[in-house]
Amino acid sequence: MVRESNSAAPAVGSSSRDIILDTARALITSRGYDGMAISDLSAQSGLPPSSIYYHFGNKLGVLAALLDRTFDELHALFPNPSSFDDREPLERFETWVTAACDSLDRRPEYLRILLAISVGPHKDTEPVRNTVRRIRDYAHASWVEALTPIFAPDGGEADEAFVDQLAVLGRAMTDGLSVTNSFDGVSYSSHVAAFVSLIRGLAEQRDRGSAPPIH
């Protein structure tokens, strides 16, 4: 869990907007959105409430801006499966998922905050819903891109549906590991081998013409 400090001293070169968002991330990760009050943001960031209202309008505005920034950071942090197109499909997948889990181990608060926001009562507000959906659609598309050369290299409706289902499971796995990481300190990378073995086994069954459907 992210530890709260008694105050958040402005970093040299950081704008007040960035300082507020950094503080909001720490507070939401440790307390949840409902536990983050404007007074907390002010106290932890060292900036007056008027500065928070000036930049974001209200508490929901802080959350929406934080989600937008988180999407941009996730986009930069996560490797693109196409970066490993010089490898064979299974090796390409293993290299990608290893790099992705390593990225999450370096910045585990990303998925924690996304999960905390996604299940809160504010999840249905338009700015939150739209940004969360954008983040999750990007993650899903990355899984599809990583898995397609293995299971649907020639297209086909059934194979593409199978890839889509596997992508949902892959995304659900990382969602679940964010909870395991938070509570048990278990790394994302420690589960790479098991998931790669699962994909390898499914690929071998597919090659034998007996890959089971996922329901």
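Structure shown above.
In this report, the structure presented in the accompanying data block is examined. (Residues numbered from 1 in each chain as written. Predicted model: local features only at pLDDT ≥ 70, side-chain atom pairs only at ≥ 80, totals over all residues. Heavy atoms only, no water.)

Some remarks on helix H9 (residues 192-207)
- In a regular helix each residue adds 1.5 Å, so 16 residues correspond to 22 Å; H9 covers 22 Å between its end C-alpha atoms and thus fits that length.
- Taken residue by residue, H9 has Val192, Phe195, Val196, Ile199, Leu202 and Ala203 as its buried positions. Angularly, the buried residues of H9 cover 125 degrees about the axis, an arc narrow enough to put them on a single face. Exposed side chains of H9 directed beyond 90 degrees from the buried face belong to Ala193 and Ala194.
- Here the buried face of H9 lies against helix H5 (89-106), helix H7 (126-151) and helix H8 (157-184).
- With its phi angle positive at about 80 degrees, glycine 209 sits one or two positions after the end of H9. (Helix = DSSP H or I, 4+ residues; strand = E, 2+ residues; numbered from the N terminus. Expected span 1.5 Å × (residues − 1). Buried < 20%, exposed > 50% of the residue type's maximum accessible area, 1.4 Å probe, protein only. Arc of directions from axis to C-beta. Contact = heavy atoms within 4.5 Å.)

Quick notes on the pattern of salt bridges
- Inspection of the entire model under this criterion finds 13 salt bridges.
- Here aspartate 18 ties to arginine 69 by a salt bridge, and the two come within 3.5 Å at their closest N and O atoms. Taken together, the residues span a long stretch of sequence, with aspartate 18 in helix H1 (residues 16-31) and arginine 69 in helix H4 (residues 59-77) at a distance of 51 residues.
- Note on aspartate 18: relative accessible area 31%, which makes it partly exposed.
- One salt bridge connects glutamate 94 with arginine 200, and the closest N-O pair in it is separated by 3.5 Å. In this pair, glutamate 94 sits in helix H5 while arginine 200 sits in helix H9, placing the two residues 106 residues apart along the sequence.
- Residue class for arginine 200 comes out partly exposed when judged on its relative accessible area of 33%.
- Among the charged side chains, a network of salt bridges with common partners joins Asp18, Asp22, Arg25, Arg69 and Glu73. (Salt bridge = Lys/Arg side-chain N within 4 Å of Asp/Glu carboxyl O.)

Digging into the packing of aromatic side chains
- As enumerated under the stated definition, the model contains six aromatic pairs in all.
- Between phenylalanine 93 and tryptophan 143, the aromatic rings sit 6.2 Å apart at their centres with planes inclined by 50 degrees, giving tilted as the arrangement. Placement of the pair is phenylalanine 93 in helix H5 and tryptophan 143 in helix H7, with a sequence separation of 50 residues.
- Exposure remark for tryptophan 143: the relative accessible area of 5% places this residue in the buried category. (Phe/Tyr/Trp six-rings, centres within 6.5 Å; stacked < 30°, edge-to-face > 60°.)

Quick notes on the environment of alanine 161
- Counting through the fold element by element, alanine 161 comes out in helix H8.
- In sequence terms alanine 161 and phenylalanine 151 are 10 residues apart; their C-alpha atoms lie 9.9 Å from each other.

Looking at the packing of H1 against helix H6 (residues 109-118)
- At a minimum axis distance of 9 Å, the contact between H1 and H6 shows a crossing angle of 65 degrees. Relative to H6, H1 is oriented roughly perpendicular. Crossing hand, H1 versus H6: left-handed. Facing Arg25, Ile28 and Thr29 of H1, the residues of H6 in contact are Glu109, Tyr110, Arg112, Ile113 and Ile117. (Axes fitted to C-alpha atoms, helices over the stretch in contact; angles between N-to-C directions. Parallel < 35°, antiparallel > 145°, perpendicular 65-115°, else oblique. Left-handed = near helix turned anticlockwise from the far one by under 90°.)

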